[in-house]
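# Observations on the three-dimensional arrangement
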Amino acid sequence: MIWEVFRQEREGAPFQHGGSLEAPDLRFAKAYAREFYGRRGESFALWVVPREAVEEVREPMVAEVFDRDYRRVDGYSLKGKLKEARGRAGTAATR
Amino acid sequence: MDAQELLRLADDEFILGWRDSEWTGIAPFLEEDVAFSSIAQTEIGHARAWYQLAAVELETDADALAFDRDPDEYACAPLVELRLIDDWAASIARRWLYERADGIRIQALLNSVDRDVAGLAEKIDREEVYHRIHADMWAERLRDHDLFSRAVEDLWPYALGVVSPEQRPLLCHAIGLEEVGAIERGNHTPDLRPLWEEMTMVRRSLPGATW
């Protein structure tokens, strides 16, 4: 049986996927998770989850169907506009 | 605490750590290979700490105690000497019996009037918690298998030899078996010498070398 292990590095930090391991039951999985992801004090806490419990969501659920680029902010660059404005005003960039 | 008593603890942990490390690379599956090897290494770490305490008293160092004595001078219990490398059920049975016996011994040492001993016992006990979880989960999983119950039965007189006679009723209670004649420390099994030959091979190849 495959188990997915998530680690939390510090108290309050988000859990992140650490890796997976094989173990016959939850007890073994927890012991091995400790061995692989907690032995050196590198984790504050671990989540051990049977792989079957993880539901994967893919296209088309997570893909965009219509073009709605205008909703995104990553296309607007202020850098060029600022440069242009500074040129007009005759002031140099501060850094 | 008397140096000979410290050596009994150190030698048990050292020889068992060595025996368990023989499973590295050939345990039944990879996750267990890593876990078993790591436990073996921790036991050798505990041995080192006990040797260091004994070394102060004997005015030597931990390496000399671990590697420069003759096989007859080792004070380990016969249980840890046995070569069980082709028998996983017996190796797990030994781990389980040993952890239970060692747990009883460590518990007693926590109250030692010797503060170094009590302090070290407390540190070791924190790591042994994981060893006990590991041994117990395996023992429960294999409990109904003939190979395992037969191994426990075979090793039982050896296990009793790990603890002192006054601690044996506690071990009987922990394992759920009746007390039988223990295989005591003092006489070594034929398995010790070949182990010693291998274990001290490099050290003996260049006596007195610093590494």
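Preceding this paragraph is the structure being described.
A short tour of the structure in this document, coming up. Chains are numbered independently. Their residues run from 1 in the order of the written sequence. Chains and ligands are labelled by the order in which they are written, letters from A for the one and numbers from 1 for the other. With the structure being a predicted model, the display of local features is reserved for residues of pLDDT at least 70 and the display and counting of side-chain atom pairs for 80 or more, all residues being used for whole-chain, interface and lining totals.

Check the secondary structure of chain A and you find two helices and three strands. The linear arrangement of helices and strands in chain A, starting from the amino end, is β-β-α-β-α. Whereas a compact globule of 95 residues would reach a radius of gyration of roughly 12 Å, chain A reaches 24 Å, over 25% beyond that. In terms of its C-alpha atoms, chain A occupies a principal-axis envelope of roughly 70 × 40 × 20 Å. Residues are called buried when their C-beta atom has 20 or more other C-beta atoms within 10 Å, exposed when it has 12 or fewer, and partly exposed otherwise; all C-beta atoms are positioned from the backbone. For chain A, with 95 residues in total, the buried portion stands at 14%. A separation of at least 24 residues holds for 41% of the contacts in chain A among residues at least 6 apart in sequence. Labels follow the DSSP assignment, with helices taken as runs of H or I lasting at least four residues and strands as runs of E lasting at least two, numbered in each case from the N terminus. Our radius of gyration looks at C-alpha atoms and nothing else; its globule reference is 2.2 Å times the residue count to the power 0.38. Placing C-beta atoms from the backbone, we regard two residues as in contact once those atoms come within 7 Å.

To define a nonpolar core, we join buried Ala, Val, Leu, Ile, Met, Phe, Trp, Tyr and Cys residues through C-beta atoms within 7 Å and take the resulting set. B:A10, B:A54, B:L79, B:L155 and B:A159 are the most contacted members of the largest nonpolar core, which totals 52 residues. Secondary structure elements with two or more residues in this core: α1 (3–21), α2 (30–58), α3 (62–67), α4 (78–81), α5 (88–109), α6 (115–142), α7 (146–160) and α9 (192–199) of chain B. Element by element, the count of residues in this core is highest for α5(B), at nine residues. Setting aside residues no more than four positions away along its own chain, B:A54 makes contact with B:A3, B:L6, B:L7, B:A10 and B:L65. In this structure, A:L21, A:A23, A:A33 and B:A40 belong to the second largest nonpolar core, which totals 13 residues.

Here we take up the interface of chain A and chain B. At the interface, eleven residues of chain A touch nine residues of chain B. Of all the elements, helix α1 (residues 26–37) of chain A adds the most residues to the side of chain A that touches chain B, at seven residues. Split into classes, the residues belonging to the side of chain A that touches chain B amount to six nonpolar, no polar and five charged. Gly is put with the polar residues, along with every residue not named as nonpolar or charged; the nonpolar set is Ala, Val, Leu, Ile, Met, Phe, Trp, Tyr, Cys and Pro, and the charged set is Asp, Glu, Lys and Arg.

Because an α-helix completes one turn every 3.6 residues, residues spaced three or four positions apart along the sequence face the same direction. Expected helix span is taken as 1.5 Å per residue step, with the number of steps being one fewer than the number of residues. Across its 19 residues, α1(B) extends 26 Å between first and last C-alpha, which sits within 8% of the 27 Å expected from 1.5 Å per residue. Within α1(B), 15 of the 19 residues are buried, leaving the element largely enclosed by the surrounding structure.

All names here are of chain B. As a rule, the C-alpha atoms of each element are fitted with a line to give its axis, helices using only the stretch in contact, and angles between N-to-C directions run from 0 to 180 degrees. One way to put it is that α5 packs onto α7 with a least axis distance of 8 Å and a crossing angle of 45°. In terms of orientation, α5 lies oblique with respect to α7. Handedness of the crossing formed by α5 with α7: right-handed. Residues A89, A90, I92, A93, R94, L97 and A101 of α5 pack against L147, F148, A151, V152, L155 and A159 of α7. In terms of residue class, the contact of α5 with α7 is built from twelve nonpolar, no polar and one charged. An angle counts as roughly parallel when it lies under 35 degrees, as roughly antiparallel when it exceeds 145, as roughly perpendicular when it falls between 65 and 115, and as oblique in every other case. Working rule for handedness: look at the near helix, and if it is turned counterclockwise from the far one by less than a right angle, call the crossing left-handed; if clockwise, right-handed.

Residue and element names in this part refer to chain A. Across the sheet, three strands lie side by side as β2-β1-β3; this open sheet has antiparallel pairing. Unpaired on one side and paired on the other, β2 (16–22) and β3 (45–50) mark the two borders of the sheet. Across this sheet, the average inter-strand angle for adjacent strands is 25°, counted without regard to direction. Two strands make a pair as long as DSSP finds a minimum of two bridges between them. Note: strand β1 (residues 2–8) against β3, six bridges, orientation antiparallel.

Our next topic: the pairing of β1(A). All names here are of chain A. Going residue by residue along β1, you find W3, V5 and R7 tucked away on one face and I2, E4, F6 and Q8 left uncovered on the opposite face. The pairing of β1 with β2 spans six bridges and is classified as antiparallel. Each residue of the ladder has a partner; that of W3, found in β2, is L21.

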